[in-house]
Each structure stands twice: as structure tokens, then as C-alpha cells.
Amino acid sequence: MTSKKILLSLLLLVFAIALKSQNYEESNVQPYTLPELLKTESGQVIATADEWMQIRRPEVLRLFEDNVYGQVPKSFDAIYFKKTREEKNVLNGKATVKEVNIIVTRNIKQVTIHLLLFVPNKVKKPVPAFLVINHRGMETMDVTRGNKDDFWPVEQVIDAGYALAGFDVKDVAPDDKERFADELLQKLYPDQLAMNNGMRALGAWGWGASRIIDYFETDPAVDAGKVVVVGHSRGGKAALWCGAQDQRVAVAISNESGNSGAKISRRNFGESVEAITKNFPYWFCKNYQQYANNEDKLPVDQHMLIALQAPRGVYVSAAEEDRWADNKGQYLSLIEAQPVFNLYGFNLNLPLQMPSVGNQLFEIPMGCHIREGKHDMTLYDWQQFIRFANTFFQKK
Ligand code: GCU
């Protein structure tokens, strides 16, 4: 073979490998078999909500811990809440803003989560709250409202009668390959770093949201039983993982979370496990690496993460142009998770077809929408979240 031909064949090979892991053609989606939701590892068939809760749910949770996101340590020595600011008349008198340092200690080390919380003034307390796992930095939540960002539309959320809370993920785990362990992992849980099923960034972010729910339990203005955890993309993966771990979460909202979030991993469309573990290894436990290009060996798939939210609320949103996130794969997870919700007496029967662009669909406690446009979390998305939450909490 001439060197030109060798080069050409090599290029073709690289192209074929890339195509295999990142397919964008529906006709190239290969058939797959999902792990069984309602059968335990030892073959027991799960037929009741009680059996799900007592037997299969803990098993599925452990499978996600061991193979995808890592363990989430539950113990620490102490937690303190230190209010650093409270202004009772912001947003033209409509809201009170608080900033609270949430300080968690273990073995004489500590981490501090800076919570930003807006609560509506003229509404009967306690109020339900949206809690955003924010990976876009504090600027997006600008407390002075000089820089209004649709990612954090506090005015609209307050007008709808909800509190809006948020924290920057960097307080617990910077979103960075080199520095992700700087906070929670090195300070409180260094033992996790040595474990193949140890916590990494996504686990830490969900852990952070849970500490904010700990704070809500002490604040009479917020209804800690009505917390909607919201995350966009990587934050959406963390929101689902948080809702799986922490059953105080009333609703988990995954906005365009895609691979390792709401999307079925075995469906080879858009981002693959290979791509995500290569680009973002520090989001997941080490064991997850072994499923790169090997999704069929995963003992779970992401519809099981949706099922772990049952019987609480779960909402999955998508953007038409966000092919990387695989909108159909995300919707299929909802469909596949329905049997677990139905064990609780719901009668979910979502249509096989995704809703068309610009439409919202919900059968409480599940909901979804797909909007036109690109990968982002917009005011339109928030309007749909609020509409879903109003129905879910039977508000107004
Ligand atoms: C990357 C990554 C996705 C992730 C997204 C985001 O595109 O591959 O998995 O969801 O970033 O967080 O915006």
C-alpha cells in the first residue's frame, strides 16, 4: 500500500470510530435491550410499591453509585447556617433576599456553600421553592439584578409565588478537571478519592443541594417539603442524581441533561459514554470509564434514574437543536420509567411520540417539553417549569 492509501485508510478508521460513538442519524440507532427495572439481581419480580421501595430501589441506587456517579457520603460532624445578609424590600418590594453561609464540618475541616435565596413577600408562608444547581457562576444570579439572566428569572419566579434559591457548584466541587476535588472531596471526604466508586463532581453538586434543603428545614419562610431541584445540562444530571439520593426533593427538573442525565445511554445518538468519560472524567466515579463504548454492559440505564424519583415529581425538558442531548432518548427514559410510578397507583401512559416542538406534556407526577432553539435554559423553559409545579403542588 502506498503511504497515501495508508493515511486514507487510517482517516476512514478514525472517522468510523467517531461515527460509532457520535451518531446523529435516527436510522443508525442500533437495537438495544434495557436492564430490567422490575426484576432484582437475584431474579425476584417486583410487583408492589413496597417491594420497589424496600428491595429494588436500594439495589438500583447502589448500582448507580458503584458504576456511574459514585457514593454520596451522608455523615458529617456539624452543619451551621450563618445569615450574612437580609433585605426585606427588593424587586420593588416584592421579595426578601437572604444570603446564608452553609458551613459543614468533618474532622476539623469545613466547606462553605453560599446560598442565595429570594422569597416572595406578599404570599402566605411557607412557600415552595425552586433550587438551582448553578454551574454558570454567581454572575448569572446577580443579586443586584443589574445583570438579568434568563437562566435565573427571579422576578418571574417570585411573581408566581415561589422562592428561588441557588448556589454556585464551585463551592463544593469546581467544574474543572484539575481542581474539582479542591473543596468537598479534599476537605471533607478525601477517602472517596481513593475509591473506584467514590464520589466525584456530580455527586458533590447534588450533595450541596441537599445541604440547602437541610437549611430550608430551619427557615419558616420556605416549605422544605416542596422543593423543586432544577439543573441545566451538567446541572440537570446532578439534579436527577440529587433527587435519587434525597427523597426530600419533591420534584427534580432536568433541563437538557442528555448523556448520563435523562437520556438512555444504550441509544447511540448524540453524546456517548465514551465521549463524556473522556471529556469529563471528573464528573463520575472511576468505574464509569469501563462503560465507554461498552454501554451494553452497564447494569443500569438512565430510565432507572428517572424511576428512582418515584413517586415524586420528575420533569425533563429539551431544546429542538440540542442533538447532542438526544431528545428522543430523554423522552424514552420517561416512558420506560412509568411502570415504577404506576406501582404507586398512578396510571401513566405517555404517548409514544414526543410532544411536538413548543408543546408541554404532563401526566402528574411526570412532565416534559421541547422548545425551539439551542442548548440553554431560558425564560420559556422556566414558564413551563412553573406551570408544571403549579399543577404538581395544586397551586392556584
Ligand atoms: C457538554 C457535555 C454535556 C453537558 C454539557 C453542559 O456538552 O458533553 O454532557 O450536558 O456540556 O453541561 O452544557
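In what follows, the structure referred to is the one given above.
Quick look at the structure, then. (Residues numbered from 1 in each chain as written. Predicted model: local features only at pLDDT ≥ 70, side-chain atom pairs only at ≥ 80, totals over all residues. Heavy atoms only, no water.)

1. What to know about the site of the ligand
Now for step 1: As a structural note, the neighbourhood of the ligand is formed by Ser233, Arg234, Lys237, Glu271, Ile276, Phe280, Trp283, Trp324 and His375.
Now for step 2: Arg234 is positioned such that a nitrogen or oxygen atom in its side chain is 2.5 Å from an oxygen atom of the ligand.
Now for step 3: Here Trp324 contributes a side-chain N or O atom positioned 2.9 Å from an oxygen atom of the ligand.
Now for step 4: Contact with the protein chains covers 84% of the free accessible surface of the ligand, which is 320 Å².
Now for step 5: Residues of the shell around the ligand, tallied by class, amount to 4 nonpolar, 2 polar and 3 charged. (Near = heavy atom within 4 Å. Polar contact = N/O pair within 3.5 Å; in protein donor to acceptor, adjacent residues only side chain to side chain. Areas by Shrake-Rupley, 256 points an atom, 1.4 Å probe, with all protein chains shown as cover. Nonpolar A, V, L, I, M, F, W, Y, C, P; charged D, E, K, R; others polar.)

2. Let's talk about the pattern of salt bridges
Side-chain pairs of opposite charge can arise where the charged atoms are in close proximity.
Now for step 1: Under the counting rule described, the total for this entry stands at 29 salt bridges.
Now for step 2: One salt bridge connects Arg56 with Glu59, and the closest N-O pair in it is separated by 2.6 Å. Taken together, the positions of Arg56 and Glu59, both in helix α2 (residues 49-69) and 3 residues apart, correspond to about one turn of that helix.
Now for step 3: Ionic pairing is found between Glu99 and Arg85, a salt bridge with its closest N-O pair at 2.6 Å. A residue pair is termed long-range when its members are at least 10 positions apart, and Glu99 in strand β2 (residues 95-106) and Arg85 in strand β1 (residues 78-90) qualify at 14 residues.
Now for step 4: With relative accessibility at 24%, the residue Arg85 sits in the partly exposed group.
Now for step 5: The network of salt bridges with common partners includes Glu26, Lys263, Arg267, Asp326 and Lys328. (Salt bridge = Lys/Arg side-chain N within 4 Å of Asp/Glu carboxyl O. Helix = DSSP H or I, 4+ residues; strand = E, 2+ residues; numbered from the N terminus. Buried < 20%, exposed > 50% of the residue type's maximum accessible area, 1.4 Å probe, protein only.)

3. Digging into the nonpolar core
Now for step 1: The biggest cluster of nonpolar side chains holds 87 residues, and the ones touching the most others in it are Phe64, Leu131, Trp205, Trp207, Phe216 and Ile306.
Now for step 2: The biggest single contributor to this core is helix α6 (residues 201-216), with 10 residues.
Now for step 3: When residues no more than four places from it in sequence are discounted, the contact partners of Trp205 are Ile133, Phe167, Val169, Val172, Ala173, Asp175, Arg234, Ala238 and Trp283.
Now for step 4: In this structure, Val132, Val154, Met377 and Ala389 belong to the second largest nonpolar core, which totals 30 residues. (Core = buried A, V, L, I, M, F, W, Y, C linked by side-chain atoms within 4.5 Å. Contact = heavy atoms within 4.5 Å.)

4. What about the environment of Leu343?
Now for step 1: Locating Leu343 in the fold gives a position in helix α10 (residues 327-343).
Now for step 2: For Leu343, the residues in contact, after removing those within four places along its chain, are Leu38, Ile46, Ala47, Thr48, Ala49 and Trp52.

5. Structural notes on the pairing of strand β6 (residues 222-232)
Now for step 1: Most of β6 is tucked away, with 8 of its 11 residues classed as buried.
Now for step 2: Two elements, strand β4 (residues 127-134) and β6, share 6 bridges in a ladder whose sense is parallel. Bridge assignment links Val132 to a residue of β6, and that residue is Val230.
Now for step 3: Examined bridge by bridge, β6 and strand β7 (residues 249-255) share 6 bridges and lie parallel to one another. Paired with Val227 across the two strands is Val249, which belongs to β7.
Now for step 4: Handedness of the crossover joining β6 and β7 through helix α7 (residues 234-245): right-handed. (Pairing = 2+ DSSP bridges. Right-handed = clockwise from strand over helix to strand, strands pointing away.)

6. Side note on the pairing of β2
Now for step 1: Summarising burial for β2: 11 of the 12 residues are buried, a large majority.
Now for step 2: Pairing analysis gives 10 bridges linking β1 to β2, with the strands arranged antiparallel. Residue Lys82 lies in a different strand from β2, and its bridge partner there is Asn101.
Now for step 3: A loop of 4 residues connects β1 with β2, the two strands running antiparallel in sequence, and Leu91 in this loop sits at a positive phi of about 50 degrees.
Now for step 4: Two strands pair when backbone bridges link them, and β2 and strand β3 (residues 109-120) are joined in this way by 12 bridges, in the antiparallel orientation. Residue Ala95 lies in a different strand from β3, and its bridge partner there is Pro120.
Now for step 5: Linking β2 to β3, which pair antiparallel, is a turn of 2 residues; within it Asn107 sits at a positive phi near 50 degrees.

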